[in-house]
Amino acid sequence: MIILYSIIVLGALGLLYGLGLAFASKKFQVHVDPKIDEIVGILPGANCGACGQPGCGGYAEAIVNQGVAINKCAPGGDAVIGAIARIMGIEASASDKKVAVIHCQSGGKNNTFLRYDYQGIATCKATVLVSNGPNLCNYGCVYQNDCIAACMFGAISPDENSMRIIDKDKCTGCGACVIACPRNLIELVSVKKRVHILCSSHDKGVEAKKRCGNKTACINCSLCLKKCPKEAISMQDNLAVIDYEKCINCGMCADVCPTGAIFDPLKEIRAQKKAEAKAKAEAAMQKFEEQKEHYEQKTEEK
Amino acid sequence: MEFIGKIFVMAIAAIFVQNFVLMRFLGLCPYIGVSKKLDSAIGMGMAVIFVMTMASTFTWLIQSYLLIPLKLEFLQTIAFILTIASLVQLVEMIIQKLAPALYKALGVYLPLITTNCAVLGVAILNINENYSFIEAILNGLFGGVGFTLVLILMAGIREKLEKAELPRAMKGMPIAMIVAGSMALAFLGFSGLKL
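Only a predicted model underlies this, so the values are computations on that prediction, with no experimental measurement involved. (Residues numbered from 1 in each chain as written. Chains lettered and ligands numbered in written order. Predicted model: local features only at pLDDT ≥ 70, side-chain atom pairs only at ≥ 80, totals over all residues. Heavy atoms only, no water.)

### Structural notes on the packing of helix α4 (residues 76–98) of chain B against helix α6 (residues 117–128) of chain B
Residues and elements named next belong to chain B. Relative orientation of the contacting elements α4 and α6 amounts to 130°, with a least axis distance of 10 Å. Between α4 and α6, the angle falls in the class oblique. Seen from above, α4 lies across α6 with right-handed handedness. Along the contact surface, α4 presents Q76, F80, I81 and I84, while α6 presents V119, L120, A123, I124 and I127. Looking at the contact of α4 with α6, its residues break down into eight nonpolar, one polar and no charged. (Axes fitted to C-alpha atoms, helices over the stretch in contact; angles between N-to-C directions. Helix = DSSP H or I, 4+ residues; strand = E, 2+ residues; numbered from the N terminus. Parallel < 35°, antiparallel > 145°, perpendicular 65-115°, else oblique. Left-handed = near helix turned anticlockwise from the far one by under 90°. Contact = heavy atoms within 4.5 Å. Nonpolar A, V, L, I, M, F, W, Y, C, P; charged D, E, K, R; others polar.)

### Observations concerning the packing of aromatic side chains
Residues and elements named next belong to chain B. Applying the stated rule across the entire model yields five aromatic pairs over all chains. Relative to Y65, the ring of W60 has its centre 6.3 Å away and its plane inclined at 75°; by these criteria the two rings are edge-to-face. Classification of W60 as buried rests on a relative accessible area of 15%. In this structure an aromatic cluster arises from ring pairing among F16, F187 and F190. The ring of F20 carries the charged tip of R24 above its face, separated from the ring centre by 5.5 Å. (Phe/Tyr/Trp six-rings, centres within 6.5 Å; stacked < 30°, edge-to-face > 60°. Buried < 20%, exposed > 50% of the residue type's maximum accessible area, 1.4 Å probe, protein only. Lys NZ or Arg CZ within 6 Å of the ring centre and 35° of its normal.)

### Details of a negative patch on the surface
On the surface, E289, E290, E293, E296, E300 and E301 of chain A cluster together to form a negatively charged patch. Inspection of the secondary structure puts E290 of chain A in helix α11 (residues 267–301). (Patch = residues over 30% accessible without salt bridge, like charges linked within 9 Å, V, L, I, M, F, W, Y side chains within 5 Å. Areas by Shrake-Rupley, 256 points an atom, 1.4 Å probe, with all protein chains shown as cover. Salt bridge = Lys/Arg side-chain N within 4 Å of Asp/Glu carboxyl O. Lys, Arg positive; Asp, Glu negative; His and termini not counted. Charge placed at Lys NZ, Arg CZ, Asp CG, Glu CD.)

### With respect to the pattern of salt bridges
Residue and element names in this part refer to chain A. One pass over the full model with this rule turns up seven salt bridges over all chains. Among the ionic pairs, R194 bridges to D264, the shortest N-O distance being 3.7 Å. On the criterion of sequence distance, the pair formed by R194 in the loop between β4 (186–190) and β5 (196–197) and D264 in the loop between β8 (262–263) and α11 is long-range, its members being 70 residues apart. For D264, the salt bridge is made with R270, and the minimal N-O distance between the two is 3.1 Å. By sharing partners, the salt bridges in this structure join R194, D255, D264 and R270 into a single network.

### Comments concerning the packing of helix α7 (residues 133–163) of chain B against helix α8 (residues 173–188) of chain B
Residue and element names in this part refer to chain B. Contact geometry of α7 with α8 gives a least axis separation of 11 Å together with a crossing angle of 135°. The angle between the axes of α7 and α8 places the two elements in the oblique class. Of the two possible hands of crossing, α7 and α8 adopt the one that is right-handed. Every residue of α8 that contacts α7 at L149, V150, L153, M154, I157, R158 and L161 is listed here: I175, A176, V179, A180, M183 and F187. Considering only residue class, the contact of α7 with α8 consists of twelve nonpolar, no polar and one charged.

### As for the environment of T127 of chain A
All names here are of chain A. Turning to its location among the elements, T127 is positioned in helix α5 (residues 124–129). Along the primary structure T127 and V142 are separated by 15 residues, whereas in three dimensions their C-alpha atoms are 7.3 Å apart. Those residues within four positions of T127 in sequence are excluded, and the remaining contacts are Y116, Y118, I121, G133, P134, V142 and Q144. From its side chain, T127 meets the backbone oxygen of T123 in a polar contact 2.6 Å long. (Polar contact = N/O pair within 3.5 Å; in protein donor to acceptor, adjacent residues only side chain to side chain.)

### Section: a nonpolar patch on the surface
Residue and element names in this part refer to chain A. Nonpolar side chains collect at one region of the surface, where M1, L4, Y5 and I8 lie side by side and expose about 430 Å² of accessible area between them. Relative to the helices and strands, I8 resides in helix α1 (residues 2–27). Under the relative-accessibility criterion, I8 is labelled partly exposed at 48%.

### So, the side chain of S201 of chain A
By secondary structure assignment, the location of S201 of chain A is in the loop between β5 and α8 (205–211). Once you skip the residues sitting within four places of it in the chain, S201 of chain A turns out to touch C137, Y139, A208, N238 and L239 of chain A.

### Considering the nonpolar core
Counting residues in hydrophobic clusters, the biggest one holds 53 residues, and the most contacted among them are L22, Y31, I113 and M154 of chain B. Of all the secondary structure elements, the ones that give two or more residues to this core are α1 of chain A together with α2 (28–33), α3 (38–67), α4, α6, α7 and α8 of chain B. The residues contacting L22 of chain B, other than those within four sequence positions of it, are Y31, V150, A180, M183, A184 and F187 of chain B. Within the second largest apolar cluster, 24 residues are counted, among which are L239, A240, A254 and I262 of chain A. (Core = buried A, V, L, I, M, F, W, Y, C linked by side-chain atoms within 4.5 Å.)

### Some details on the interface of chain B and chain A
Opposite the 20 residues of chain B that make contact, chain A presents 15 residues. Roughly 1600 Å² is buried in total at the junction of chain B and chain A, and carbon and sulfur atoms are behind 83% of that figure. Counting the contacts that link chain B with chain A gives zero salt bridges. Secondary structure elements with two or more residues in the side of chain B that touches chain A: α3 and α4 of chain B. If you tally residues by element for the side of chain B that touches chain A, the top one is α4 of chain B, at eleven residues. Residue composition of the side of chain B that touches chain A, by class: 13 nonpolar, four polar and three charged. (Buried area = accessible area lost by both parts, 1.4 Å probe.)

### Some thoughts on the state of the cysteines
In total, this model carries zero disulfides over all chains according to the counting rule given. Free cysteine C141 of chain A: the closest other cysteine sulfur is in C104 of chain A, separated by 5.7 Å. Among the cysteines around C29 of chain B, which has no disulfide bond, C117 of chain B carries the closest sulfur, lying 8.8 Å off. (Disulfide = S-S within 2.5 Å.)

This is the structure in structure tokens:
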């Protein structure tokens, strides 16, 4: 009997509450835009905050309710932008994908001059606190792993010289490494920009080169500044800095840089082509001289 | 007059002397979780007051007119939890409709009132203390007020702590725990009150 009663009582309570809630849910229904859920489904769900909103859900809501631009999701890339554009029924504007650039190529422990051997807590932040880091250069990479640890996408890895390399395909431009680096060496730059000044030293002139292990420091000679056709380079506190808004990737600064502080992936190819053209021109000149001599001889004979 | 005096004693007892959070250690999850901002702490406190009062009312009625006559006291826990869960659902709907900002601020902690042991605790205490119907409702109300008071105090302190210069290891949860402990010590002073 008691079992029957318990079943009836609990069943009746459950039914009552269920009906009450069903009624209440109709009465207090809140209209939620279905677009928000759809966009949340498309976004990568990394909640990295690169869009400036609190997480992916916040960004989806901001798009639908506040008309925030749809090209802010860096990890999602063009595929996500296209999908959001379809949902919102607007034209997709391509995002300017940004990747991290490390403005230092001192190459870490293997080829940096050291003041002392650091043997402490293995983070960059701790390392730079001990009498401004073990590097002779006060501005360079201290080759611990803060940026690598900060990267959620595995885009940063050390090469054989323990220099940090950024994989442009894996990098989503979230900026986590920019915050992690205590030397402020990392900057987010549009992936379309090829030419970078890979030095952050504010040391004067040849002093910077003396301290840099890689001998690729900016010695503030201003040659690049004079050579640049777009006036994109300026000297800021003994360091050449490229204004990426003006830079047109011509690479003339990289060609003229005496230390190799300016990096352009096409520099060697360009130099090779230049050498080839020069060789070709010399060969043609030689041929011309020979023919000239030949004709002169012939005219003399006549 | 005697009745009013009794209510006053109950209020002091429930809010200070037997505070749910700091003396009985019930409902610690929202106490730590929702006390980051004053606004959401006030909202959460109001929601808990509402749920506690309603839960006291309904559970007392269920206990007195359903479970005891049918000799089903052993169903107390499950019946109470069922009641509380439904009430929380109702509150959630109402808040979502009337105060979307508050709904967002409370986030996951709103459904967590369901599992807030303070609510179940007040319901069971009402039964154990043999309170009358009115007393049970008042006990629920004052229990909720006590919870809200402590939550708001905590939120006020933590908002100040946000701006304080703390060692990094102390930031966030650790200092919150220390503050909670100090507050519990302070509230221990009320236990000397003779009511």
